[in-house]
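# Chain and residue survey
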Amino acid sequence: MLSKTIEEALNKQVTIEAESSQVYLAMASWAETQGFEGVATFMYAHSDEEREHMLKLIKFINERGGHAQVSDLAAPPTEFGSFRDMFEILFKHEVKVSASINDLVDISLQNKDYATHNFLQWYVSEQIEEEALARNILDKINLIGDDKGGLYLFDNDVKQLITNAAPPEPN
């Protein structure tokens, strides 16, 4: 059985994961309108992945006797300036999500809710991967600079990040 404290904290994370999905979706739309099909495909796939993270939380809350809440979401930005700017925003967003997950782990330990603590370890590992991926992409964009040919090749290469990624863990 979930305590109210844990239920409320998990429901806040549901909102954060939903907002993450929306951020990736907005980035996908922007990249698509800029003619970068590979980046758009990558972002659409990550939007779906973030939604899966949200659904996993919802199911966990409900299975543990809580009631998952679906809340209003803040609208994500629709313009990102440049790909460098967009991926910097993305990296900062992933760092923020990691901090939120870490806070949840701390709350679960303070409340001696070891089942929730165990459940959250998947999210801890996932966030390590998400931050590393965003940092890696940002490093590549910084190497390319403003070279249009480099950006074109990067757009084609980023599709490989989707196909090479491990399948998401089953719910």
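Definitions and limits used
- Residues numbered from 1 in each chain as written.
- Predicted model: local features only at pLDDT ≥ 70, side-chain atom pairs only at ≥ 80, totals over all residues.
- Heavy atoms only, no water.
- 1 Å grid on protein atoms, 1.4 Å probe; cavity = no way out; pocket = protein on both sides within 12 Å on 5 of 7 lines; lining within 4 Å.
- Points joined across faces, edges and corners; volume = space filled by probe spheres on them.
- Helix = DSSP H or I, 4+ residues; strand = E, 2+ residues; numbered from the N terminus.
- Nonpolar A, V, L, I, M, F, W, Y, C, P; charged D, E, K, R; others polar.
- Phe/Tyr/Trp six-rings, centres within 6.5 Å; stacked < 30°, edge-to-face > 60°.
- Buried < 20%, exposed > 50% of the residue type's maximum accessible area, 1.4 Å probe, protein only.
- Lys NZ or Arg CZ within 6 Å of the ring centre and 35° of its normal.
- pLDDT = per-residue confidence, 0-100.
- Axes fitted to C-alpha atoms, helices over the stretch in contact; angles between N-to-C directions.
- Parallel < 35°, antiparallel > 145°, perpendicular 65-115°, else oblique.
- Salt bridge = Lys/Arg side-chain N within 4 Å of Asp/Glu carboxyl O.

Taken as a whole and judged by the stated rule, the model has one cavity of 30 Å³ or more. Taken together, Tyr24, Phe42, His46, Leu90, Glu130, Leu133, Ala134 and Ile137 make up the lining of the largest cavity. Tallying contributions element by element places helix 4 (residues 114-144) first for the lining of the largest cavity, with four residues. Its residues assigned to classes, the lining of the largest cavity comprises six nonpolar, one polar and one charged.

Where empty space is left can be seen by rolling a probe of water-molecule size over the atoms. What the second largest pocket holds in volume is close to 200 Å³. Contributing to the lining of the second largest pocket are Phe36, Ser82, Phe83, Arg84, Ile141, Gly145, Asp146, Lys148, Leu151 and Tyr152. When contributions to the lining of the second largest pocket are tallied by element, the ones reaching two or more residues are helix 3 (83-110) and helix 5 (148-163). Looking at which element gives the most residues to the lining of the second largest pocket, the answer is helix 5, with three residues. Here the lining of the second largest pocket is built from residues that sort into five nonpolar, two polar and three charged.

Moving on: the packing of aromatic side chains. For any pair of aromatic rings, the description consists of the separation of the ring centres together with the inter-plane angle of the planes. Following the criterion strictly, the structure yields seven aromatic pairs and no others. Pairing Phe36 with Phe83 gives two aromatic rings, centres 4.3 Å apart and planes at 75°, and the pair type is edge-to-face. Of the two residues, Phe36 is situated in the loop between helix 1 (4-33) and helix 2 (37-63) and Phe83 in helix 3; the sequence distance between them amounts to 47 residues. Classification of Phe83 by relative accessible area gives buried; the value is 8%. Judged by centre distance (4.9 Å) and plane angle (90°), the ring pair of Trp122 and Tyr123 falls under edge-to-face. Tyr123 matches Trp122 in its accessibility class, with the two residues each being buried. By way of ring pairs, the aromatic residues Trp30, Phe36, Phe80 and Phe83 are connected into one cluster. Here the guanidinium or amino end of Lys56 rests over the ring plane of Trp122, the centre of that ring lying 3.6 Å away.

What follows concerns the confidence of the model for the chain. Averaged over every residue, the pLDDT of the chain is 92; residues scoring 70 or more account for 95%. Averaged pLDDT values over the elements of the chain bottom out at 80 in helix 5 and peak at 97 in helix 1.

Next up on the list: the packing of helix 1 against helix 3. For the pair helix 1 and helix 3, interaxial distance at closest approach is 11 Å and the crossing angle is 170°. With respect to helix 3, the element helix 1 is oriented roughly antiparallel. Looking at side-chain class alone, the contact of helix 1 with helix 3 contains 17 nonpolar, six polar and two charged residues.

Before going further, it helps to examine the pattern of salt bridges. Within this structure, the stated rule accounts for three salt bridges. Here Glu7 makes a salt bridge to Lys4, at a shortest N to O gap of 3.3 Å. One end of the pair is Glu7 and the other is Lys4, both in helix 1 and three residues apart, which spans about a single turn. Look at Glu7 and you get buried, because its relative accessible area is 9%. Residue Lys4 is classed as exposed on the basis of its relative accessible area of 58%. Across the pair Arg135 and Glu131 runs a salt bridge, and its minimum N-O distance is 3.9 Å. Note that Arg135 and Glu131 are positioned in helix 4 at a spacing of four residues, about one turn of the helix. Here Arg135 falls in the partly exposed class, since its relative accessible area comes to 38%. Classification of Glu131 as buried rests on a relative accessible area of 17%.

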